Amino acid sequence: MNFRYFSFKPVGMSRKLRIIYMGTPEFAVEPLRVILDAGYNIAAVITAPDKPTGRGQVLRSSPVKEYALAKSLKVLQPFNLKNPEFISELKSYDSNLFVVVAFRMLPEVIWQMPEFGSVNLHASLLPQYRGAAPINHAIINGETETGLTTFFIEKEIDKGKILFKEKLPIEPSDDAGILHDRLMHNGGQLLLQTIKRIELDDISLQSQDKIDINSIELKTAPKIFKEDCKIHWNSSCFSIHNLVRGLSPYPGAFTKLVSKDENKSKQIKIFKTTFKLENWEGSPGSIITDGKKSLSVIASDGLVNLLELQVEGKKRMGIIEFMRGLHKYSEFHFE
């Protein structure tokens, strides 16, 4: 590995930075805005290619591209990060720092390119929750604390030397969307702090291999697929409630509302719940309701109360609105 950015100047001697920024989703927009507002030179922005979306398969730009173009920044959208033409163009910008937020894995030829290294902002307290979906998995696992980490990119994903960390609480009322926004705003400031210290050559690095993790379980945050979003009603109320929180508003935890004769079924996404631990007779997935204002589902150790959901093909709605369209509720169950 190239460690050119470790040969420090005396603290206080500012280095002129020329930054290339890499990111794609909304989470990466706020840090870009913060860096720009602080007056740093963004030589170019690298983001994902436009993707076809919706029934019409209309090409849609990433949030980072839309913001970058609005600020008249140069935007590159490579399909293949190892393409020699792209690498040559990247070198032509003569950037000395790459900043990466919510982007894909970089090949070594790219992250080793800039003189002062390639910095990544990750939405967890590394080494916990390495991977693509740290915000979702932290809530799904019932954590009460998470945070942000900036680190230098190395060969193994999310394992580079740590620059700075910031802890944040996960409130009981938080879902993935709420926590995402809080981390996004705090992440912009942490990244700015990191860049300022790199500019002054005033950094100290912590190897993740030297962090004492003997007393804790190291958890990962892999990409979430559709099968990971299915609710299993024979699970505990706590785990179901956290699954819903951790996947709300996107991609959404789902279940099926099925008639007892199994002739009718509809997929339903659930976005908000509460729960109550108590014994109920009936199999998991059975419905308990007053028929007007409340609908609960039997889990392994109590009732999960549904508050907001979405029937396939319809808009997101509260439980009262849903109940108006659910006739003969006793003939249905969730599976």
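For the structure itself, consult the block above.
Nothing here was measured: the structure is a model prediction, and the numbers come from that model.

Participant: Account for the packing of aromatic side chains, with residues named and values stated.
Facilitator: Scanning the entire structure with this criterion turns up two aromatic pairs. Residue placement shows R15 over the ring face of F116; its charged tip is 3.8 Å from the ring centre.

Participant: Quick rundown of the pairing of strand β10 (residues 253–259)? Include the residues and the values.
Facilitator: Burial analysis of β10 places six of its seven residues in the buried class, the great majority of the element. Relative to strand β11 (residues 265–277), β10 is paired through six bridges, and the arrangement is antiparallel. The residue of β11 that forms the bridge with T255 is I268. The sheet contact formed by β10 and strand β16 (residues 332–334) spans three bridges and is antiparallel. Bridge pairing links V258 to H333 in β16.

Participant: I'd like a description of the sheet that holds strand β5 (residues 75–76), backed by residues and values.
Facilitator: Overall, mixed pairing links the seven strands, which are arranged β5-β2-β1-β6-β7-β8-β9 in an open sheet. Edge positions in the sheet fall to β5 and β9 (162–169), since each has one partner strand and no second. Bridge count between strand β7 (residues 118–122) and strand β8 (residues 145–152): four bridges; the pairing is antiparallel. Paired with H122 across the strands is T149, a residue of β8.

Participant: Just give me the short version of the packing of helix α1 (residues 29–37) against helix α6 (residues 176–199), but keep the residues and values in it.
Facilitator: Taken N-terminus to C-terminus, the directions of α1 and α6 make an angle of 40°; their axes are 8 Å apart at the nearest point. It follows from the interaxial angle that α1 and α6 lie oblique. The two elements α1 and α6 cross, and the hand of that crossing is right-handed. Within the contact between the two elements, α1 uses E30, P31, V34 and I35 and α6 uses M184, H185, G188, Q189, L191, L192 and I195. A class-by-class count of the residues in the contact of α1 with α6 yields seven nonpolar, three polar and one charged.

Participant: Help me get a handle on the pattern of salt bridges, residues and values and all.
Facilitator: Inspection of the entire model under this criterion finds eleven salt bridges. Among the ionic pairs, D201 bridges to R15, the shortest N-O distance being 3.1 Å. With a gap of 186 residues between them, D201 in the loop between α6 and α7 (237–246) and R15 in the segment before β1 (18–23) connect regions that are remote in the sequence. Note on R15: relative accessible area 4%, which makes it buried. A salt bridge links R33 to E30, with the shortest nitrogen-to-oxygen separation between them at 2.7 Å. Residue R33 and its partner E30 are located together in helix α1, separated by three residues, close to a single helical turn. E30 sits in the buried class, given a relative accessible area of 12%.

Conventions adopted
Residues numbered from 1 in each chain as written. Predicted model: local features only at pLDDT ≥ 70, side-chain atom pairs only at ≥ 80, totals over all residues. Heavy atoms only, no water. Phe/Tyr/Trp six-rings, centres within 6.5 Å; stacked < 30°, edge-to-face > 60°. Lys NZ or Arg CZ within 6 Å of the ring centre and 35° of its normal. Buried < 20%, exposed > 50% of the residue type's maximum accessible area, 1.4 Å probe, protein only. Helix = DSSP H or I, 4+ residues; strand = E, 2+ residues; numbered from the N terminus. Pairing = 2+ DSSP bridges. Axes fitted to C-alpha atoms, helices over the stretch in contact; angles between N-to-C directions. Parallel < 35°, antiparallel > 145°, perpendicular 65-115°, else oblique. Left-handed = near helix turned anticlockwise from the far one by under 90°. Contact = heavy atoms within 4.5 Å. Nonpolar A, V, L, I, M, F, W, Y, C, P; charged D, E, K, R; others polar. Salt bridge = Lys/Arg side-chain N within 4 Å of Asp/Glu carboxyl O.

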